[in-house]
Amino acid sequence: MEEGTIVHVDYELYNGESGDLIETTREAVAKEHEMHQEGRSYSPMVCVVGAGNLIPGFEAALAEAKVDKETEVTIAPADAYGEKDPQQIETISIDKLIRAVQDPNALYIGAPVNIGNRQGYLSYLAAGRARIDYNHPMAGKTLKYNFKIVKVVEGKEDQVTALLESNTGHSDFGVSFDGDDLNIVLPQTMLFDTNAAMMKFRLVTIIRDAVECGKVSFIEVHELRGFGGTNDDDHDHDHDHDHDHDHDHDHGDEDGADEDLNSMTVAELKERCKAAGLPVGGKKADLIARLSE
């Protein structure tokens with residue numbers, strides 16, 4: 001698999017020694033192992049081959065894998081989450097542990113805890129003492145992956161959409177290119193996400209690392225809500241990120257009669273056509289012609 005290829009991967013991750021299932025993208029497998037989570041959406045993982053975002057052993061296996069072929073690989077700790085470091089294990093009094101947690105009654109072996117701004121997990125509790133392990137929970141473990149590349153994402157717009165959905169948890173993005181410039185219409189659900197503003201900076205980096213593009217514009221379309229209003233009350237906010245990640249906030253002229261359609265992006269023209277019940281296909285000139293009739 002060529003480096004930089006964007007793929008959808010279904011997988012099961014097992015403890016290589018005990019055989020216990022740790023994680024899966026397949027709902028049927030989760031139910032079979034009695035690990036099904038209600039409300040979770042089970043779907044393939046989106047990843048960029050060779051991007052370095054996965055553990056080294058899985059990255060290497062993914063690079064050698066074929067599309068639509070089940071692959072099994074066993075990964076030693078050195079190529080997974082590393083060996084367990086004894087220096088990252090601390091023994092403290094139960095009193096100190098209780099002072100550090102919000103609900104002592106919720107403590108259990110394996111529970112995540114934060115001691116002195118260090119994130120770890122409770123590995124032992126007895127005789128007035130508690131052992132906190134600051135290693136990664138899977139450090140020292142041999143892992144086994146069963147996986148299959150179910151799809152190779154082709155086309156720049158589909159690649160951007162896949163990256164957006166996998167990194168935000170949102171769907172229904174409107175993605176289009178105007179030359180090399182990328183326009184992204186944010187879904188309504190993301191407009192109410194308190195983390196959306198900071199998320200955009202990270203998304204620009206992720207997209208540019210995987211897909212060639214020029215300026216990246218995030219477009220917010222605030223739909224009409226309530227009664228008694230008109231479409232003139234809607235607000236479109238364009239958040240443009242150039243190569244220096246600057247923000248330009250463009251507020252369109254609210255008087256449609258005085259509007260210069262040529263100055264609008266393809267994504268904005270498509271949104272305007274959609275709102276007017278017009279076809280949204282074709283080039284920029286076609287969209288302008290429909291809106292001018």
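This text follows the structure it describes.
Residues numbered from 1 in each chain as written. Predicted model: local features only at pLDDT ≥ 70, side-chain atom pairs only at ≥ 80, totals over all residues. Heavy atoms only, no water.

Draft legend 1. Spotlight on the overall build of the protein chain. The secondary structure content of the protein chain amounts to seven helices and 14 strands. The buried share of the protein chain, reckoned over its 293 residues, is 37%. Counting only contacts in the protein chain whose residues sit at least 6 apart along the sequence, the fraction spanning at least 24 positions is 54%. Summed over its atoms, the accessible surface of the protein chain is roughly 16,900 Å², and 46% of this surface lies on carbon and sulfur atoms. (Helix = DSSP H or I, 4+ residues; strand = E, 2+ residues; numbered from the N terminus. Buried < 20%, exposed > 50% of the residue type's maximum accessible area, 1.4 Å probe, protein only. Contact = heavy atoms within 4.5 Å. Areas by Shrake-Rupley, 256 points an atom, 1.4 Å probe, with all protein chains shown as cover.)

Draft legend 2. Here's a closer look at the pattern of salt bridges. Applying the stated criterion to the full structure yields five salt bridges. The partner of glutamate 23 in a salt bridge is arginine 40, with the nearest N and O atoms 2.9 Å apart. Pair noted here: glutamate 23 is in strand β2 (residues 21-24) and arginine 40 is in the loop between α1 (27-32) and β3 (45-48), with a separation of 17 residues, a long-range link. The partly exposed category is assigned to glutamate 23, whose relative accessible area is 25%. Its relative accessible area of 28% is what places arginine 40 among the partly exposed residues. For the salt bridge of arginine 26 with glutamate 70, the shortest nitrogen-to-oxygen distance reads 2.8 Å. A residue pair is termed long-range when its members are at least 10 positions apart, and arginine 26 in the loop between β2 and α1 and glutamate 70 in the loop between α2 (56-64) and β4 (71-75) qualify at 44 residues. Overall, arginine 26 belongs to the buried group, its relative accessible area being 16%. Its relative accessible area of 45% is what places glutamate 70 among the partly exposed residues. Taken together, the salt bridges that share partners define one network made up of Glu12, Arg26 and Glu70. (Salt bridge = Lys/Arg side-chain N within 4 Å of Asp/Glu carboxyl O.)

Draft legend 3. Here's a closer look at helix α5 (residues 196-210). Taking 1.5 Å as the rise per residue, α5 with 15 residues should run 21 Å; its terminal C-alpha atoms sit 21 Å apart, in good agreement. Of the positions making up α5, those classed as buried are Ala196, Met199, Lys200, Leu203, Val204 and Ile207. (Expected span 1.5 Å × (residues − 1).)

Draft legend 4. Geometry of the nonpolar core. Counting 25 residues, the largest nonpolar core has Val160, Leu164, Leu182 and Ile184 as its most contacted members. Those elements that place two or more of their residues in this core are β3, α4 (156-168), β10 (174-178), β11 (181-185), α5 and β12 (216-222). Looking at which element gives the most residues to this core, the answer is α5, with five residues. When sequence neighbours within four positions are dropped, the list of residues in contact with isoleucine 184 reads Val160, Leu164, Phe173, Gly174, Ile207, Val216, Ser217, Phe218 and Ile219. Judged by nonpolar contacts, the second largest core, of 19 residues, contains Phe58, Leu62, Met138 and Tyr145. (Core = buried A, V, L, I, M, F, W, Y, C linked by side-chain atoms within 4.5 Å.)

Draft legend 5. Region of the structure containing the sheet that holds strand β7 (residues 118-126). Pairing is antiparallel across the open sheet formed by four strands, whose spatial order is β5-β8-β7-β6. Two strands close off the open sheet at either side, each with one partner strand: β5 (89-93) and β6 (112-115). Taking each pair of neighbouring strands and ignoring which way they run, the sheet shows an average axis angle of 45°. Of the pairings in the sheet, the one linking β7 to strand β8 (residues 129-133) comprises five bridges and is antiparallel in character. Across the sheet, the residue bridging to alanine 126 is arginine 129, located in β8. (Pairing = 2+ DSSP bridges. Axes fitted to C-alpha atoms, helices over the stretch in contact; angles between N-to-C directions.)

Draft legend 6. Region of the structure containing the pairing of strand β1 (residues 6-15). Taken across its 10 residues, β1 has 10 buried, putting it largely inside the fold. In β1, alternate side chains face the same way, and those of Ile6, His8, Asp10, Glu12 and Tyr14 on one face and Val7, Val9, Tyr11, Leu13 and Asn15 on the other are all buried. Note: β1 against β3, four bridges, orientation antiparallel. Bridging from a neighbouring strand, histidine 8 pairs with valine 46 of β3. With nine bridges connecting them, β1 and strand β9 (residues 143-152) associate as antiparallel partners. Within the sheet, the bridge partner assigned to tyrosine 14 lies in β9 and is lysine 144. Once β1 ends, the chain turns through five residues before running back antiparallel as β2, passing glycine 19 with a positive phi of about 80°.

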